[in-house]
Every structure is written in C-alpha cells, then in structure tokens.
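Listed below, chain by chain, are the residues.
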Amino acid sequence: MKRRRYNIFVYSIFGVLLMLFSSCSTSKNTFPNRAYHNVTCRYNVLWNGQQAFKSAEAEMKKLSKDNYTATLPVYNYPDKSDIAPALSYLDRTIEKSSKAIYKHSMLIRGKEYVKTIDDAYLLMGKSNFYKQDYVAAQRIFQYILHNYPNSNTYNEAAVMLARTAMRQGYYSLADEQLENLHYLATNKKNKKFNRLFNAAKAEYHLTAPDGEVTEAIDYLNNAIAAKPEREFRNRLHLIAGELYESLGQQEEATQHFKQVIKKTSDYNMLFCAQMHLASNYDGSESARASITKLFDKMLDEKKNEDFKDQIYYAYSEIARVDDDLDARKDYLAKSVSASTNNNYQKTFSAITLADIYFAENDYRNAQHYYDSAMLSIPKNYPNYEALQKKGNFLKDLVLKLDEIDLQDSLQRIAKMSPSERNQWVRKMIDEYTEAERRAAAEEAERMLALQNASSYSNINVNANNSGKWYFYNQSLVTAGMQDFYRRFGNRKLEDNWFISNKQVISFDDMMVMNDPSLAKDSVEYDEDGNPIPKRETDPKKEQYYLQDLPLTPGAMDTSNAIIANNLFQVGFIYQDLLEDLPRACEAFQSLVTRFPESEYTPSSIYMLYSLNNRMNNKAKADEYRQIIFSKYPDSDFAKVIQDPDYYKKIAERDKAVEKYYETVYEQFNNKQWREVVQAADTYLPQSTDHNLKSKYSYLRAISMGQIYNEDSLIRGLQHVVSEYGDEPVAELARVYLASVDPAKLVDSNPQAAEAGASEDSQAQPAGTKPSVVPVENPFVYNADEVHYIVLLVQSSQLPIQTVKLNLTNFNKAYFSLQRFNISSFYINNQQQMITISKFNNAATAMDYYNILVKDPVFVDDITNQNIIVYPMSATNYTAYYNNQLGRPFYDNFVKENYFK
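If you're wondering where the values come from, they're calculated on a predicted model, not measured in any experiment.

The rules behind the values
Residues numbered from 1 in each chain as written. Predicted model: local features only at pLDDT ≥ 70, side-chain atom pairs only at ≥ 80, totals over all residues. Heavy atoms only, no water. Helix = DSSP H or I, 4+ residues; strand = E, 2+ residues; numbered from the N terminus. Buried < 20%, exposed > 50% of the residue type's maximum accessible area, 1.4 Å probe, protein only. Contact = heavy atoms within 4.5 Å. Areas by Shrake-Rupley, 256 points an atom, 1.4 Å probe, with all protein chains shown as cover. Axes fitted to C-alpha atoms, helices over the stretch in contact; angles between N-to-C directions. Parallel < 35°, antiparallel > 145°, perpendicular 65-115°, else oblique. Left-handed = near helix turned anticlockwise from the far one by under 90°. Nonpolar A, V, L, I, M, F, W, Y, C, P; charged D, E, K, R; others polar. Pairing = 2+ DSSP bridges. Phe/Tyr/Trp six-rings, centres within 6.5 Å; stacked < 30°, edge-to-face > 60°. Patch = residues over 30% accessible without salt bridge, like charges linked within 9 Å, V, L, I, M, F, W, Y side chains within 5 Å. Salt bridge = Lys/Arg side-chain N within 4 Å of Asp/Glu carboxyl O. Lys, Arg positive; Asp, Glu negative; His and termini not counted. Charge placed at Lys NZ, Arg CZ, Asp CG, Glu CD. Polar contact = N/O pair within 3.5 Å; in protein donor to acceptor, adjacent residues only side chain to side chain.

All right, on to the overall build of the protein chain then. Looking only at helices and strands, the protein chain features 38 helices and 8 strands. Going through the 900 residues of the protein chain one by one, you find that 41% of them count as buried. Look at the contacts in the protein chain between residues 6 or more apart in sequence, and 62% of them connect residues 24 or more apart. A total of about 51,600 Å² of accessible surface is found on the protein chain, and carbon and sulfur atoms cover 50% of it.

Attention shifts here to the packing of helix H4 (residues 117-130) against helix H5 (residues 134-147). The interhelical angle for the contact between H4 and H5, taken along N-to-C directions, is 160°, at an axis separation of 8 Å. When the interaxial angle is binned, H4 and H5 end up roughly antiparallel. Where H4 crosses over H5, the handedness of that crossing is left-handed. Counting all contacts with H4, which are made through Asp118, Tyr121, Leu122, Met124, Gly125, Lys126, Asn128 and Phe129, the residues of H5 involved are Tyr134, Ala136, Ala137, Ile140, Phe141, Tyr143 and Ile144. Per-class residue counts for the contact of H4 with H5 are 11 nonpolar, 2 polar and 2 charged.

This brings us to the pairing of strand S7 (residues 831-839). Burial within S7 is extensive, with 8 of its 9 residues counted as buried. Examined bridge by bridge, strand S5 (residues 787-794) and S7 share 7 bridges and lie antiparallel to one another. Paired with Leu791 across the strands is Ile834, a residue of S7. Bridge analysis of strand S6 (residues 821-826) against S7 gives 6 bridges, and the strand direction is antiparallel. In the strand pairing of S7, Phe825 is matched with Met833.

Glancing now at the packing of aromatic side chains. Counting across every chain of the model gives 52 aromatic pairs. Arranged with centres 6.1 Å apart and planes meeting at 10°, the rings of Tyr357 and Tyr369 form a pair that is stacked. Taken together, the residues Tyr357 in helix H16 (residues 343-359) and Tyr369 in helix H17 (residues 363-376) connect sequence positions 12 residues apart. Accessibility classification places Tyr357 together with Tyr369 in one group, the buried group. Seen in terms of ring centroids, Tyr661 and Tyr696 are 5.4 Å apart; in terms of plane orientation they differ by 75°. Their pairing is edge-to-face. Taken together, the positions of Tyr661 in helix H28 (residues 646-669) and Tyr696 in helix H30 (residues 690-707) put the pair 35 residues apart, joining distant regions of the chain. The two residues Tyr661 and Tyr696 agree in class, both being buried.

We now examine the sheet that holds S6. One open sheet holds the 4 strands; their spatial order is S6-S7-S5-S8, and the pairing between them is antiparallel. The sheet is open, and its two edges are formed by S6 and strand S8 (867-873), each paired on a single side. Recorded for the sheet is a direction-independent mean angle of 25° between the axes of neighbouring strands.

What follows is about the environment of Phe815. Structurally, Phe815 is set in the loop between helix H34 (800-814) and S6. With relative accessibility at 9%, the residue Phe815 sits in the buried group. Remark: the alpha-carbon pair of Phe815 and Tyr848, spanning 33 residues in sequence, is separated by 8.6 Å.

Turning our attention to a negative patch on the surface. Among the surface-exposed residues, Asp210, Glu212, Glu215 and Asp218 lie close enough to one another that they form a single negatively charged patch. Secondary-structure assignment places Asp218 in helix H9 (residues 213-225).

Turning our eyes to something else, we now look at the environment of Thr153. As for its position among the elements, Thr153 is in the loop between H5 and helix H6 (154-167). For Thr153 and Phe193, which are 40 residues apart along the polypeptide, the C-alpha to C-alpha distance reads 9.9 Å. With residues near it in sequence (within four places) discarded, Thr153 still touches Asp118, Asp119, Leu122 and Ile144. A polar side-chain atom of Thr153 sits 3.1 Å from a polar atom in the side chain of Asp118.

Orientation of helix H31 (residues 710-723) relative to helix H32 (residues 728-738), taken along the N-to-C sense of each, is 140°, at an axis distance of 9 Å. Taken together, H31 and H32 sit at an angle that is classed as oblique. Read as a crossing pair, H31 and H32 show a hand that is left-handed. Here Glu710, Leu713, Ile714, Leu717, Gln718, Val720 and Val721 of H31 lie close against H32, whose contacting residues are Val729, Ala730, Ala733, Arg734, Tyr736 and Leu737. Residue composition of the contact of H31 with H32, grouped by class: 10 nonpolar, 1 polar and 2 charged.

Here you go:
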C-alpha cells in the first residue's frame, strides 16, 4: 500500500513538472524557463544540428580532392556543383539551428538568457558558408558580431566573416577584418582562436593579389605552434615546406617535409612530402645518386603503382636542374603514360611537356600533349579556358598541316607513271599482308604458351588454402588466368569483353536478313544524279589505295584548292594565334608560289607585305607592295596601303547603314507598315549586303501581309526563301510557310514570288490579317530577374508523373529547406513543360541546374534528350510560352548567356 502511494506521488510530481516545462515561455525571465530552454536547446535541438554538421564535414572531406602538383591551399573548397552529397546534412543543420533559435531564444530587453543561441547562429552561418551561399553566411556572421560581442563565438564568427569576404573576392575587407583581430591573437592565450586566425591570415596571403609568401609562412608557423588537430597540422607543414622550397630555403623546407613524413597517415600526403624531400636536389653527383636510388626503389614497390607518374615527374625535375632537356622530355612523357588515376599530375606533366615543345615551335608534338591534357584536365585546373583554347587551335593547325601533307602525298603518287604506281600499290599490299602474318604468328605463339601451361588449371583449390582468400593465393590466380585465356583468348579489358564480334546489327538489318526484298538501295548519288562508286575498305585490294588519288584534271584542281585553302588558314593561325611570324610568312609564300592564280593569292601577298613590315624587313615589304599595285591596283589591299583609314571609313559607312536599319526596325515594331515597305523599296535596289537585304526583304514581306492580306505575306516569304535561303531569316520564313495550307501556296518560281511580293498596288485588303512572324530573337537576358528551371519532357518516352515524383525526391534530398512549386502542361503534342519555381535570380537557378543535371536519376534521360533542362527568367518564360516560332532561338540563347 505504501509502495503504491509512493508511486502515485512520484507520478504526480513528474506530471506537474511536465506541465510546467511544457508551457515554459520564452518571454518570461524565470528560473524554470531559463533551465528548460537552456537544457533543451543544448542537448536536443542544437545537438542534432551539430551531429548533422559533423556528417556534412565528413562528406565535404570526401569531396575535396587535393591537387598535389601545386602548392596546397590552406582550406580545400570543392566546386559548388559537386557538393550535392553534403547539401542534405547542411540543410538539416540550418533547420535545427533555426528551430533552436525560434523555439528557445529568450531575448528579453536586449539580453539573451539562453547561452547556446549564439552557437546556433554560428552553426547556421558555417553551414551557409559550406553551401557557398556567402551572402547569407556574411549576414549571419555580422549579426553575431553586432549582437553577441562578449560571447565565446565572437572570435570565430569574426574569422569566418573574413574568410567569407575572401571567398567573395573582397580581399581588402578581409584584410581589414583580420587586422582588427590581430591584437586578440597576440594578447590572448586562446589556442583555438590563434589557430583560426593564423590559418585565415595564411589563406589571405596565399590567395590575395597583394599577398606575400614570407608573410604566409610566418602565419603558417604560428598556426602550427597553436597545435591544431593532426591532419590539419600535417597539411600546414606541407604547405610551409612547399613555400620554403619556392624561396630556395631547402633546409627549412626539409624540416617541414620530415614532420609530414613522420606524422601523417595519408599516403598521398606522405608520398608528396617524400617527392619534395627527394627533389631538393643541388646538382651534385652524390645527391643525384642518392635520389635516383630512392626513386628506383619506389618504382619497384607495388604500392607505388599509382604514383609512378609523380616519380617520373620528379625524375624530370632532376633533369631540369641538370639542364638535360632530352632526358626531361623523356621522363615527362613517361609520367603522362604511367598515369592511372591522378588527373592533376597527368594534366600537369602533359602541359609541361607541351609547353616545352611549343617553345621549340614543334607544334605537332605540342598539340599531341595538349590534347592528352584536355582528356584528363579537371574543370577547376588553373587557366582551364586558356589551355583549352590553346589546345583547340593547335589541333586545328595540325589537322590542316596533315591535310596538306596528305594531298601532297596523293598528288605525288598520282603523278607517277602507271607502272610505278602499280608497283607502289603492290608494295603497300605486301607490307600489310606481312604485318597481318606477323600478328597472327605472335597470337599463335601466345596461345600455344597458354595451352602448355594449362595443367595449372587442374589444381585442387582446397589444398592447403583453408581460410585464405582466393586472390591471396598466387597459384590459384595463375590457374584462373590460364583457364580464362584457354577459353576466351587474349581479350581487351572493355565493355562487352566476352563478345568477340562487336559488329552492331540494327533492327532494319535483321529484317533484311529475314527478307532480302526489303533491302534498300545503298547506292549514293552525286549532285548530277550519277552513282558514286562505293569506297573500298579492304587494305588487300588495289582500289583501296587508288580511290583517293587525283587522277583526273578536275580531281587535281580540287586537291590544289584544298591545299591552297589550308595553307591560307595555316598562315593566319601562325600569325594571329601563335604569333610565329616567320612560319606565317612561309605558309603565305608557299601559297603564292604554288598557286599564283588562287583566289587566296591577293590576300596572301598583302599578308606578306604586312608581316614583313612588322618584322622590319622593309625591302621585302616594298617588293610585295609593288606587286599589289601592279597586279591588283583596284583591290581593297591597294586602297588600304594608300589610305590606312580605308577600313575605318568603310566601318563608319556600315555603321550608318546599320543605324538606318535600326530605325526601320523600330518603325516595324511600331506597326508603321507602309513606312517599312517604302524604306525597303528604297534600300533593296542599291544594297550589296546580302544579309541586310534578307532582313529588309523579310520585314517588307510581313508589312505587306499586314497592309493587305495573307496572300501578300505568303508571296513575300516565298521570295525570302528563294533569294536568301542561306540566311537566318529564311528559316523563320520556312517555319511560317510550313504551317500554311498547301492550297494557299502560290507558284514557288522566284520570279513569280518576287512579282507577287511587289504587288502592293494591286493587292486588296482581305479579312483577318496574319499574325506577325517573329523577326529577331525574342529573349532577353536579365540575371537579376526571378527565374525558373524548366524541363521539356518527351511525353511519349517518359511518364510525366514519374518525372515529377523524381523531382520531388530530388528537392527533398538536396534542397529540403526550400519550398518549390512543380507544375506541368503540354506545349505541343510531343512535349510537356515542367516548371520548378521559383528562384531569386539566375545564379540561384544555376546552382539548382548544375546539381540537377548531374543527378544519376536524370543523367541518362538528359543525355538522350528525353529531358531538356533550361534556366528561364520570368520574362522569357512568358515569351517562350506565347511565341512558338521563337522557341528554336532559346537553346543558343541559353548557351550564350548562361554558359559563357
């Protein structure tokens, strides 16, 4: 009985306390309220946020791939488009921090009575910083500094504010912020703050335009002295060692590298430190012997298989110090070929070697290694766009040089006597047959060796191997390999390796195999309707070697035209892109000498005049000047030599013409149809600008349709198509004509259409006037406007509800704190438009876009164009919906404005 009364008493007290605490107010400053909110905030809501933040940091660590070919940054920031796996944790952190503030903050008369609220703000700010939403992070850190000046989070918030400014490129603000904190770092014995402050100062001096390496080293040493956690301390040691090394202070660098080797558990960092330590080479024989011995040993170790590219690069640095250029190039080539998974090292070695060849004017080898670099280069590699551009124009140069060499070779063979040519063909066939025979013999020998070793496969797999994993038993692995080779032969490691004949057979091919009568005529025809002979693909047939030879005068003329065209373009690549003026002269001179009647000859002579002037070869320049005046006295080249402002005057004239067109186009937008027709009739007879004439003709056609009737519009648009079929406006005309009832189309004869387009005096107004066809791109770029993300879905290929469900799941995973609206509707018979709304500006829309297009759920459908994803401003959204004929413009509009 007493026990029962005691239990009732305890439960009653517990219920009263529960009622008291469940009704705790954040606006009344009482002890129960303070106790409840402090405990609940710290050990419930905020604790959950801190755990989510730790998970986010772990994910960010996985995403951060260090580039050991360059000096490491103090902090590694992944690309914004790659942080998707951490977003859900960061959003949860922000959600819990916000909840802690909203439900538990007791800010009464300007004083906060819940001690962990400033921690919640700091956690929220750091989460936004890691999300790279620097504006939100800056706002939160500034709020902490303003409202919690005496809290334990003030110092860290101040340092984070400076780091935020650095990430935004506001280095002067970051420097000012850090200078304000300098006295705290020197006067206080707060090791955590000292670590954060000195690391931030080091980051400033390594990234700011006015940063000093020596200052960065001092701050790195201060941060190391404050004893950060081991992994970060090793990173700082490595950076300090690299900086000392760059200053030539080898002794100090060695001390830091030894600390890394002694303490780190990260093999990549350990290997990097070993490479730096070994590379502190002074050029002496003893040092070379010691280092090469170490490198040779490292090359032989199985664990360094993935690091051979770095070892060979270190060898190349020894060769650089020894001034042995050939050895350096050889080691760099080995570094590129030995690379397995280190894209930074492969790119760095390839670009270094390409730069050497480029400096030697060996453009073919330079292009080869730039091309290798472009296959592996990470998007955040320094000067990525410049390297890509350089690689592209070198590739263009080499392709043109190869085409010139090919045509020269074909002409040389074509000019042989028939007997010499037949002898050459037989020689090529014999060489191919011999190479084929040798390959077959080598394969037969390899298969025989495998058969002789086949007895290994009859091994008792359980003998003496109890508890041992299969791949640790070398005899079993060998036996398995022999059995594989016996059954499948030597197969390349690739997709579908088990299929020996990978010829792709289409559904149509299978139908023809079943019913030969369904076979289509495979003969191709030229412009005159003559059948084109089928190309021979068998290297053992004579026709394989003869089919491209220019054996007729017409074929020889075509070959010469190809050579002249490529020589002309090669000259400009040498001049404008490579600034190799002597080689540019060689190309233009070769063109002039070999093809004096070519259409490119006058331009080439002028370029030779200009280039020799630039190289101060006045006598040669005067020689080409006289050729221009004697052979081409009325050309633009002669005029520009006589009047250096000749092209400037032409440009001013063209500008006046363009301005007049803008006036006419404004009249068109104001629906001044008759004024537009009058202006077009005045301009068209006297103009020679084909593109501008097409625009005037198009404006005139639409204006005629507005003044009179649809027949006038149709005749005018047919005239545009017939006269200006290769101009952009012709495509707009075709789009409209395709929608017209065929019975309304008039004779497509150009003269009839032109006559019809001029019948403004006879045409009679009739009924409803046609709607105006779009003339220009209807879309405008405004990065600050509200944006949407739009998905164009092929509704015949994908169920729209499935796509919307996948989008909902995507938003929950990566953008759980934001509330997006997802809607859809048909825009034509084949496509539905899904709209995700809305985003504050283009930048936030692109953040969403970059993560969406990389999501595995959508990648395949985006690649196959079952889904097309666009960022779209509110204005352009309306234009896209209302203006069906203008939609084809949008794809290029996005590429030009959102992916510059």
